[in-house]
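# Commentary on secondary and tertiary structure
One letter stands for each residue in the lines below.
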Amino acid sequence: MARVSIIGPTSIVIGDVTGRGDLEIIGRVQGDVVLEGTVTVAPDGVVLGSIRAQGVRVAGRVDGSVVAKESLSLQAGANVSGDLVAARLGIEEGARVRGTVRTEGGDLEEDDDEDEVIADQSDDVDATPSEAPGGHERRRRDRRRRRAHGGGGGGGASPHAVPPPPALPTAPSVPATNVAPSSAASSSASTDSIGARSPQTNPSGRVGPPAPVVPALTKGVRGRRRPSSGQD
Amino acid sequence: MSSTIIASELTIEGDLTSEDDVHIEGRVRGRVTTKGSVELGSRGAVEADVSGRTVSVAGSVTANVTATERVDLLAGGRLVGDVKAPRLTIADGATFRGKVDMGD
């Protein structure tokens, strides 16, 4: 049985798993997994913690970050709530990711909203199986076609779907262009809304400027909180 | 074939519970609890209580061992702790230090 470890379907590990060799998680691990080898999270497997290994293959659920020194593949049905970092990354259609994604070893890109771009790279992972496990041929991708980005997708679509509230119909678009570069420069969302609101509330004397909402929303994932804070 | 296998170079820093058989060649620094059997291989080590239906020890246990059916301490096995089981065998060459409770 060499060095292949298996956390069976009824098994629960409460604690960290470390060491060398390959590990297949069919059951549940509530802790971090740090391994020199390949970690496979089976379709029914659950990891409530982070995974760090040479290779990681996820078909189940991971609530934590996943760092793969070599390759990371999310298969259809995978559900990861955490950041992904890998030299080579593949996300199958039908996998679900909530977090930032970064491919290392080449150019480091921005860590926002890259999921759709990287989803095209699933061919890379198919070329690098160290031990191809069978049984992953469930065609969930035909059943549901999810976007890889679950939570942020709604925030990204909202600026187009939700028009700014008509509190100020007196041409707020002109100061909005002035505000936009400043809000783009700083990354903190809460200070943006405050800083963007003050120049408008002072001259007009009114509350609830809708204009800065639009450019700020395209930058941050938490954009849906912005309209309510603007109406305070 | 055990449903859960902890291979030789793997360490679990915590507890392992299961409904099925567990085979340990690595190291578990926490309790092992299963409704199935626990097989501790010659390179396996558990540093906290072990309980199962049957427990066989060829490696090292430094904690109490409880089994609802039997405990087998195999040759080369090392057990430092108390054993509670209706049946207990200790093979020639095994090391054991602790109390035994085989019920009434």
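See the structure shown above.
Note that the structure is a prediction, hence the values are computed from the model and not measured. (Residues numbered from 1 in each chain as written. Chains lettered and ligands numbered in written order. Predicted model: local features only at pLDDT ≥ 70, side-chain atom pairs only at ≥ 80, totals over all residues. Heavy atoms only, no water.)

## Remarks on the overall build of chain A
Note the threshold: Numbering goes from the N terminus for both helices and strands, where a helix is a DSSP run of H or I of at least four residues and a strand is a run of E of at least two. Only protein chains enter the area calculation, which uses a 1.4 Å probe; residues under 20% of their type maximum are buried, those over 50% are exposed, and those in between are partly exposed. Contacts are residue-level and defined by heavy atoms, with any inter-residue pair within 4.5 Å sufficient. Accessibility throughout is a Shrake-Rupley quantity obtained with a 1.4 Å probe, and a residue counts as covered only by protein chains that appear here.
Broken down by element type, chain A carries 8 helices and 14 strands. Scored against the burial criterion, the 232 residues of chain A give a buried share of 40%. Sequence separation of 24 or more characterises 22% of the internal contacts of chain A that already satisfy a separation of 6 or more. Counting only carbon and sulfur atoms, one obtains 50% of the accessible surface of chain A, whose full area is about 11900 Å².

## Here's the deal with the overall build of chain B
Tallying secondary structure elements over chain B gives 0 helices and 15 strands in all. Within the span of chain B, comprising 104 residues, buried residues form 48% of the whole. Taking the contacts inside chain B whose residues are at least 6 apart along the sequence as the reference set, 1% of them involve residues at least 24 apart. Of the roughly 4800 Å² that chain B leaves accessible, carbon and sulfur atoms contribute 44%.

## Looking at the interface of chain A and chain B
Rules: Once two parts are brought into contact, the accessible area they lose, counted with a 1.4 Å probe and summed over both, makes up the buried area. By definition here, a salt bridge exists when the distance from a side-chain nitrogen of Lys or Arg to a carboxyl oxygen of Asp or Glu is within 4 Å. A pair of strands is considered paired only if DSSP assigns at least 2 bridges between the two.
Taken residue by residue, the interface counts 22 residues in chain A and 20 residues in chain B. Both sides together, the interface formed by chain A and chain B hides about 1700 Å², and carbon and sulfur atoms give 51% of it. Across the chain A-chain B interface, the total number found is 2 salt bridges. Listing elements by their share of the side of chain A that touches chain B, those giving two or more residues are strand 1 (4-7) and strand 2 (12-20) of chain A. As judged from the 8 bridges shared by strand 2 of chain A and strand 2 (residues 10-18) of chain B, these two strands associate in the antiparallel manner. Counterpart to Thr18(A) in the pairing with strand 2 of chain B is Thr11(B).

## Considering the pairing of strand 5 (residues 33-36) of chain A
All names here are of chain A. Alternating positions in strand 5 separate cleanly, Val33 and Leu35 being buried on one face and Val34 and Glu36 remaining unburied on the opposite face. Sheet topology note: the strand 5/strand 8 (residues 51-58) ladder contains 2 bridges and is parallel. Along strand 8, the bridge assignment pairs Val34 with Arg52.

## Some points on the environment of Ile91(A)
Residue and element names in this part refer to chain A. Mapped onto the elements, Ile91 comes out in strand 12 (residues 84-91). Ile91 gets classed as buried once you look at its relative accessible area, which sits at 2%. Distance from Ile91 to Ala78, taken between C-alpha atoms, is 9.0 Å for residues 13 residues apart in sequence.

## Concerning the nonpolar core
The condition is simple: By nonpolar core is meant a set of buried Ala, Val, Leu, Ile, Met, Phe, Trp, Tyr and Cys residues that side-chain atoms within 4.5 Å join together.
Grouped together as the largest cluster of nonpolar side chains are 52 residues, with contacts concentrated most on Ile51(A), Leu72(A), Leu74(A), Leu84(A) and Ile24(B). Not counting residues up to four positions away in its chain, the partners in contact with Ile24(B) are Ile6(B), Val32(B), Val38(B), Glu39(B), Leu40(B), Gly41(B), Gly44(B) and Val46(B).

## Comments concerning the pattern of salt bridges
Summed over the entire model, instances satisfying the criterion amount to 11 salt bridges over all chains. We note a salt bridge from Arg61(A) to Asp63(A), for which the minimum N-O separation is 2.8 Å. Since its relative accessible area comes to 36%, Arg61(A) is described here as partly exposed. Glu69(B) is the salt-bridge partner of Arg53(B), the closest N and O atoms lying 3.5 Å from each other. With Arg53(B) in strand 8 (residues 50-57) and Glu69(B) in strand 10 (residues 65-73), this residue pair connects regions lying 16 residues apart in the sequence. For Arg53(B), a relative accessible area of 32% puts it in the partly exposed group.

## What about the side chain of Ser56(B)?
Mapped onto the elements of the fold, Ser56(B) is located in strand 8. Setting aside residues no more than four positions away along its own chain, Ser56(B) makes contact with Val38(B), Glu39(B), Leu40(B), Asp72(B) and Leu74(B).

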